[in-house]
Amino acid sequence: MLNTIETALGELGAIIWGPYVLIPLLLLTGLYLTVRLGGLQFRKLGSALRLALLDRQDADARGGDVSQFQALTTALAATVGTGNIVGVATAISIGGPGALFWMWVTGLLGMASKYSEAFLAVRFRTTDAKGEISGGPQYYLERGIRNGFGKFLAIFFAIAAALAAFGIGNMTQGNAIASNVEVSFGVPTWITGIVLAVLTLVVLVGGIRTIGRVTAALVPFMILFYVLGALFILLVNVAALPQAIVLIFTDAFTGTAAVGGFAGSAIMLAVQMGVARGLFSNESGMGSAAIAAAAARTTHPVRQGLVSMTQTFIDTIIVVTFTGLVLICTGVWEQGADFAATMTGDAFSQGLPGEWGHVVVTVGLVLFAYSTILGWAYYGERCMERLFGRPAVMPYRVVFSVVVFVGATVPLAVVWNFADVMNGLMALPNLLGLLLLSGLIVRETKHYLDHDPQLRADRRQVDDFMEGHPGAIDSYERTGV
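Residues numbered from 1 in each chain as written. Predicted model: local features only at pLDDT ≥ 70, side-chain atom pairs only at ≥ 80, totals over all residues. Heavy atoms only, no water.

## Here's the deal with the overall build of the protein
And step 1. Scanning the protein from N- to C-terminus turns up 22 helices and two strands.
And step 2. Here the C-alpha atoms of the protein give a radius of gyration of 21 Å, agreeing with the 23 Å that 2.2 N^0.38 yields for 481 residues.
And step 3. With respect to the principal axes defined by its C-alpha atoms, the protein has extents near 65 × 45 × 40 Å.
And step 4. Scored against the burial criterion, the 481 residues of the protein give a buried share of 63%.
And step 5. For the protein, the accessible area works out to roughly 17,000 Å², and carbon and sulfur atoms hold 68% of it.
And step 6. For the protein, the distance from the average position of its 28 positive side-chain charges to the average position of its 30 negative side-chain charges is 10 Å. (Helix = DSSP H or I, 4+ residues; strand = E, 2+ residues; numbered from the N terminus. Rg over C-alpha atoms; globule rule 2.2 N^0.38 Å. Buried < 20%, exposed > 50% of the residue type's maximum accessible area, 1.4 Å probe, protein only. Areas by Shrake-Rupley, 256 points an atom, 1.4 Å probe, with all protein chains shown as cover. Lys, Arg positive; Asp, Glu negative; His and termini not counted. Charge placed at Lys NZ, Arg CZ, Asp CG, Glu CD.)

Structure below.
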């Protein structure tokens, strides 16, 4: 029975992630938004990074449950996970070094998609029965596209996201933690599963404010810890770095010949693996990170959109790049797809002295995966709140925590295929919504940046130039819509 389900999900995933459905829609939506927004992700990256990492929050910002920085780290917590370690290894071991190039393309174009969905999440956010902020595609698709089709897209997204949370954000992450801790430290998977389930429930009971505080402390440390380890390996293997970069660019357009245990790949396979695993890693276009962005205290949707945009830059252009370069420079990518799960650990073991390699990867993976569990738990509960109201939130948190234990202790081949399918089903309605709402996004972005190009306006200044202009923040407070 499980084999039949796994096969069916695999075939469905191959269609969704094939060359005729999600890959062109994802890339073309990102390209379309990039052009319409005038290359916003390149023009405003410096200001956005300053606002996100140095300023961290708007003074006197209205609405929201967490600071802009906490919203960013919650979204980063959900995206910087096994996709940055196992996902990159899978992409390169199947598609060759050229897959990393297509992960970059997905990330750079995806920054425009990430900006747009975060903008819409804040623009159309609302509050639940307990007074907490709710926003994301499950709301802005319906509130922005005011017809039955918009409501259909919103509900479709909410169902897919609530289910996807158990795959991409729960069982796969718990399994990765438990299996790596068992291999590295000899801890039985059931013990790890219990600890994870308890810690998850303790944090989730506190809601987004507790999640925001935990991720704000955890995410910067875990990224710095992992990147420094990777940087040391690249410095040791600096002689191999030029050839690695050449391989990335040439193989992206020529395919990769068979070498070692690597079976070789055509160009289309490099593109498919790069885009699919790129989206799995940074989630641009999926709409999930917009749910966290909606909870931010900010003076305008444009500002939070730009902050959220930096999430994709940090995830893909920094963390994914370091992982990919380590795999290529050490040569372990040539082992082939059968070794993808342990490939990054092997690369770090080769590059770091003693047993530090596997320790760094295991600790990094534990932190990455656990933070992903927290971020996706919030995404899932907000979608459940949209579908069934506030009473569904606490039962969802409990069930979600219990399923973490299940994921840590059972084989997960079918869950990985399930996660790929659900990720695709989330992305489809969101990408369609971004295209349909692109006029609103472009118009409001231009109006704001014409008045505050350096992102330094305070709340009073924002209120002054937004006075009487449609599209101001927190529309539900001012107009009831």
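## Remarks on helix 9 (residues 148-185)
And step 1. Here helix 9 spans 54 Å end to end across 38 residues, near enough to the 56 Å set by a 1.5 Å rise per residue.
And step 2. Along helix 9, the largest kink reaches about 45° and is centred on Ala164. (Expected span 1.5 Å × (residues − 1). Bend = angle between axes of the 7 residues up to and from the residue.)

## Some details on helix 17 (residues 356-388)
And step 1. Taking 1.5 Å of rise per residue, 33 residues should cover 48 Å, and helix 17 covers 47 Å from first to last C-alpha, within 8% of that figure.
And step 2. Counted residue by residue, helix 17 has 26 buried out of 33 residues, so it is predominantly covered.
And step 3. Just downstream of helix 17 lies Gly389, where phi reads positive at about 90°.

## Concerning the environment of Phe348
And step 1. In this structure, Phe348 sits in helix 16 (residues 340-351).
And step 2. On the basis of relative accessibility, which here comes to 0%, the residue Phe348 falls in the buried class.
And step 3. Each C-alpha atom, one on Phe348 and one on Ala252, is 25 Å from the other, the two residues being 96 residues apart in sequence.
And step 4. Here Phe348 is in contact with Tyr226, Gly229, Ala230, Ile233, Val326, Gly357, Val360 and Val361, once residues within four sequence places are set aside. (Contact = heavy atoms within 4.5 Å.)

## A closer look at the pattern of salt bridges
Opposite charge on two side chains lets them pair, provided their charged atoms get close.
And step 1. This model, assessed by the stated rule, comprises 14 salt bridges.
And step 2. Salt-bridge contacts for Arg209 lead to Asp65; the nearest nitrogen and oxygen are separated by 3.2 Å. Of this pair, Arg209 sits in helix 11 (residues 207-236) while Asp65 is found in the loop between helix 4 (45-55) and helix 5 (68-79), placing the two residues 144 residues apart along the sequence.
And step 3. Arg209 sits in the partly exposed class, given a relative accessible area of 39%. (Salt bridge = Lys/Arg side-chain N within 4 Å of Asp/Glu carboxyl O.)

## Overview of the packing of aromatic side chains
And step 1. This structure, assessed with the given rule, holds 17 aromatic pairs.
And step 2. Connected via pairs of aromatic rings, a cluster forms that spans Phe101, Trp102, Trp104, Phe249 and Phe253.
And step 3. In this structure, Arg123 is placed above the aromatic ring of Phe124, and the distance from its NZ or CZ to the ring centre is 4.7 Å.
And step 4. The ring of Tyr139 is capped by Arg386, whose NZ or CZ atom sits 5.8 Å from the centre of that ring. (Phe/Tyr/Trp six-rings, centres within 6.5 Å; stacked < 30°, edge-to-face > 60°. Lys NZ or Arg CZ within 6 Å of the ring centre and 35° of its normal.)

## Observations regarding the packing of helix 9 against helix 10 (residues 189-205)
And step 1. Where helix 9 contacts helix 10, the two axes come as close as 9 Å, and the packing angle between them is 135°. For the element pair helix 9 / helix 10, the angle class is oblique. Considering only the axes of helix 9 and helix 10, their crossing is right-handed. Contact residues: helix 9 offers Gly174, Ile177, Ala178, Val181 and Glu182, while helix 10 offers Thr189, Thr192 and Leu196. (Axes fitted to C-alpha atoms, helices over the stretch in contact; angles between N-to-C directions. Parallel < 35°, antiparallel > 145°, perpendicular 65-115°, else oblique. Left-handed = near helix turned anticlockwise from the far one by under 90°.)

## Quick word on unusual backbone geometry
And step 1. With a phi close to 70°, Arg56 is a non-glycine residue in the positive phi region.
And step 2. Among the structural elements, Arg56 can be located in the loop between helix 4 and helix 5.
And step 3. A relative accessible area of 39% places Arg56 in the partly exposed class.
And step 4. In this structure, Leu455 takes a positive phi of about 60° despite not being glycine.

## Some thoughts on the side chain of Arg143
And step 1. When you line up the elements, Arg143 lands in helix 8 (residues 137-144).
And step 2. Reaching out from Arg143, the side chain makes a polar contact with the backbone oxygen of Phe124 at a distance of 2.8 Å. (Polar contact = N/O pair within 3.5 Å; in protein donor to acceptor, adjacent residues only side chain to side chain.)

## Some points on the environment of Gly30
And step 1. Summarising the element assignment, Gly30 is placed in helix 2 (residues 22-36).
And step 2. Gly30 gets classed as buried once you look at its relative accessible area, which sits at 1%.
And step 3. Taking the C-alpha atoms as reference, Gly30 lies 5.4 Å from Gly110; in sequence the two are 80 residues apart.
And step 4. The residues contacting Gly30, other than those within four sequence positions of it, are Leu109, Ala112 and Ser113.

## What to know about the confidence of the model for the protein
Note: predicted coordinates in regions of low pLDDT should not be interpreted at a detailed level.
And step 1. For the protein, per-residue confidence averages 88 on the pLDDT scale, and 97% of positions sit at 70 or higher.
And step 2. Looking at the elements of the protein, mean pLDDT is at its lowest for helix 22 (residues 475-478), recorded as 40, and at its highest for helix 3 (residues 40-43), recorded as 96.
And step 3. pLDDT under 50 marks residues 474-481. Its contacts with residues more than four places away, or in other chains, come to 20 contacts. (pLDDT = per-residue confidence, 0-100.)

## Examining the nonpolar core
And step 1. Core analysis: the biggest nonpolar cluster contains 156 residues, and Tyr115, Leu120, Tyr140, Leu306, Phe348, Trp376 and Tyr379 have the highest contact counts within it.
And step 2. In this structure Tyr115 touches Leu37, Leu40, Val302, Gly305, Leu306, Met309, Ile441 and Thr445, once residues within four positions along its chain are discounted. (Core = buried A, V, L, I, M, F, W, Y, C linked by side-chain atoms within 4.5 Å.)

## Describing the side chain of Thr323
And step 1. Considering the arrangement of structural elements, one finds Thr323 in helix 15 (residues 301-330).
And step 2. Within the structure, Thr323 has its side chain in polar contact with the backbone oxygen of Asn84 (distance 2.9 Å).
And step 3. With residues near it in sequence (within four places) discarded, Thr323 still touches Asn84, Ile85, Val88, Tyr226 and Thr344.

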